[in-house]
Amino acid sequence: MWPQEFAARYRERGYWTGQTFDDLLAERARTFADRVAVVDGDRRITYRQWRERALRLAAGLYDLGVRPGDRVVVQLPNVAEFFDVVFALFRLGALPVFALPAHRAAEIGYFCAHTEAVAFVTTDVHGGFDHRSLAAVTGRATVIVAGEPGGHTALADLYDRGDVDRLPAGPRAGELAFLQLSGGSTGLPKLIPRTHDDYLYSVRASAEICALNAGSVYLVTLPVAHNFPMSSPGVLGALHAGARIVLSPSPDPAVAFPLVAREGVTITALVPPLALVWLEAAQRAETPDLSSLQVVQVGGAKLAPAVAQRVRPVLGCRLQQVFGMAEGLVNYTRLDDADDRVWHTQGRPICPDDEIRVVDDDDVEVPDQTVGHLLTRGPYTIRGYWRAAEHNRVAFTADGFYRTGDLVRRLDGGYLVVEGRAKDQINRGGEKIAAEEVENHLLTHPAVHDAAVVAVPDPYLGERSCAFLVCRAGQQPPTLGQVRSHLRDRGLAGYKVPDLVRVVDAFPVTGVGKTSRRDLRAALRDLAAAPAADRR
Ligand code: OOB
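Worth saying up front: this structure is predicted, and the values here are computed from it rather than measured.

Criteria and thresholds
Residues numbered from 1 in each chain as written. Predicted model: local features only at pLDDT ≥ 70, side-chain atom pairs only at ≥ 80, totals over all residues. Helix = DSSP H or I, 4+ residues; strand = E, 2+ residues; numbered from the N terminus. Rg over C-alpha atoms; globule rule 2.2 N^0.38 Å. Buried ≥ 20, exposed ≤ 12 C-beta atoms within 10 Å, placed from the backbone. Contact = placed C-beta atoms within 7 Å. UniProt positions renumbered as here; feature names shortened; annotations may be inferred. Pairing = 2+ DSSP bridges. Axes fitted to C-alpha atoms, helices over the stretch in contact; angles between N-to-C directions. Near = placed C-beta within 6 Å. Nonpolar A, V, L, I, M, F, W, Y, C, P; charged D, E, K, R; others polar. Left-handed = near helix turned anticlockwise from the far one by under 90°. Parallel < 35°, antiparallel > 145°, perpendicular 65-115°, else oblique.

Here we come to the overall build of the chain. Within the chain, the regular secondary structure consists of 18 helices and 27 strands. Here the chain has a C-alpha radius of gyration of 23 Å; the compact-globule value for 536 residues is 24 Å, and the two agree. Projected onto its principal axes, the C-alpha coordinates of the chain cover approximately 70 × 60 × 55 Å. Classification of the 536 residues of the chain by burial places 51% in the buried group. Taking the intrachain contacts of the chain between residues at least 6 apart in sequence as the baseline, contacts between residues at least 24 apart amount to 67%.

Within the UniProt annotation, "domain: AMP-dependent synthetase/ligase" (unreviewed entry) is assigned to residues 26–386. End C-alpha to end C-alpha, residues 26–386 measures 29 Å, and it is 32% helix and 24% strand.

A word on unusual backbone geometry. Cis peptide bonds are those with omega within 30 degrees of zero, and the linkage from Ser232 to Pro233 qualifies with -10°. The phi angle at Arg387 is positive, at roughly 50°, despite the residue not being glycine.

Strand order in the open sheet formed by nine strands is β2-β1-β13-β12-β14-β15-β16-β17-β18, with mixed pairing between adjacent strands. Whereas interior strands pair on both sides, the edge strands pair on one side only; in this sheet they are β2 (43–46) and β18 (348–349). Judged from the four bridges that link them, strand β14 (residues 267–270) and strand β15 (residues 295–299) form a sheet pairing that is parallel. Residue pairing for β15: Ile267 is matched across the bridge by Val295. This element, helix α3 (residues 47–64), spans β1 (36–40) and β2 of the sheet and lies at about 85° to β2.

We now examine the site of the ligand. Near the ligand, the surroundings consist of 22 residues, among which Phe228, Phe323, Gly324, Met325 and Ala326 are the closest. Residue assignment for the shell around the ligand shows that the elements contributing at least two residues are α8 (227–231), β16 (318–325), β21 (402–410) and β22 (416–421). Partitioned by chemical class, the residues of the shell around the ligand number eight nonpolar, ten polar and four charged.

Across the interface, α3 lies against helix α4 (residues 81–92) with an axial gap of 8 Å and an inter-helix angle of 65°. Pair α3 / α4 crosses with right-handed handedness. Two secondary-structure elements touch here, α3 through Trp50, Arg53, Ala54, Leu55, Leu57, Ala58, Leu61 and Tyr62 and α4 through Phe83, Asp84, Val85, Phe87, Ala88, Arg91 and Leu92. When its residues are assigned to classes, the contact of α3 with α4 shows twelve nonpolar, no polar and three charged.

Once that is clear, we can look at the sheet that holds strand β27 (residues 500–504). Strand order across the open sheet formed by three strands is β25-β26-β27, with mixed pairing between neighbours. A single partner strand is all that each edge strand has here, and the edge strands are β25 (448–458) and β27. Sheet twist, expressed as the average angle between the axes of neighbouring strands with direction ignored, equals 25°. The sheet contact formed by β25 and strand β26 (residues 462–471) spans ten bridges and is antiparallel.

A few words now on the packing of helix α2 (residues 21–31) against α3. Look at α2 against α3: their axes get within 7 Å of each other, and the N-to-C directions meet at 140°. Of the possible angle classes, the one that applies to α2 and α3 is oblique. Between α2 and α3 lies a crossing whose hand is left-handed. Residues Leu25, Ala26, Arg28 and Ala29 of α2 lie in contact with α3, whose contacting residues are Tyr47, Arg48, Trp50, Arg51 and Ala54. Of the residues in the contact of α2 with α3, the class split is six nonpolar, no polar and three charged.

What follows is the structure in structure tokens.
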């Protein structure tokens, strides 16, 4: 966590206010009592009901044995129960661990084991997958199901099970509120510890930058547990502003556009491939009325300027670029920025006390306009991953700057342009894949001697993943289909399963003998450039 002098400064400057998430919800429930806070299908939940549901569920979870400081892995799609569960845990001072709906046995098993989770909250069937089957990998954790419990604990039963008046005192704002997932570049996903104080600062400041107010209507298009729709300004920003949150079960325009029209949505957040899909869909004749939209935010991966320029003419609203990370730092283009900035930059930091360093390979600062590694430190950027002392020594500088792994150029006014990445990660349309994590799974295949996963440029997703394999002598190389089913059988989330497989005799190596991912990427480019007949 932050050294004393920094914590004192962040409090003194009013960033950290001592408010907890439960304080915030309690206050909003008083102020906005009967205003609708959350819309999920036909369900409309007011601010007062939200708080009541959260308190009752907190009592139920307490009765079940969940205690302050306990970890609870939460894997819910975009449903109203997400807010009940998360705010119940906030009230208890138990820590939600935010999993994504796409995660499968490999990820969920690891999160439960690594965090020693006491409970796992999930749904019944979502997107054709029975999440209750994950109970097999959750160890000691009690499995709680929103929906048909199938022999597990029904979330619905917990609302009437405890005694709200006997809840223990809540947490303090300087304590941890939750663990968020890192996109990561390492073999095992890292967990990001965020406090009430630091996260709520970013939420308040984001709500202001994005001009949210009680009349705003925020559509949750991306998975709600991701940092972008959660807090940039996202659903928590909406709560802060007393705005309305509308949950879309799918980002598909066929589902989301009618919700925009019906609920008068004013703002939403998209990743670049979705922005493309929305732009295409909005140009069709029979499109629902999207005129309520004021701002469409795009972030999570680099947005091409040519696509950025289409947002206003096609969707009839402003574009805001968002370059953020679950570790902390978030950059926004501002709503009153000139078009040029909005189209060509990824914005500037939230806070005057977000310290930015752009450095060369030796950690020496480079001049503005020069590409370098982005390092950052500030009032809502973590100083270390949760229980990862060894990794923290490389992921942070000695003086506490987080090494983002992003290559950026700084312009005047502190605006940043993302120019690439130095971390071994694939950004598949905003979904992050740690190369090493997938490689470790590939190495378990009996025919695989060595594996390297790299990014391949893709016109739609930005990047896709390609697994290069060196096979064991005398073994038949596996086909793409065999590799994919091997990884799925190991319970790896679908988005991490390689899109392409290339079998090679040996990997190119760097000067010190490490696998050269750069050369592998170049080999793919050569392959793509070669005439079709030459491809294998
Ligand atoms: C968001 O958070 P994460 O933790 O899933 O991923 C962070 C990484 C960044 O380090 C960068 O590599 C990439 O995603 N990224 C972008 C970007 N926004 C994120 N790369 C280029 N252009 C952008 N606009 O992705 C996230 C968290 C909060 C708000 C928005 C995005």
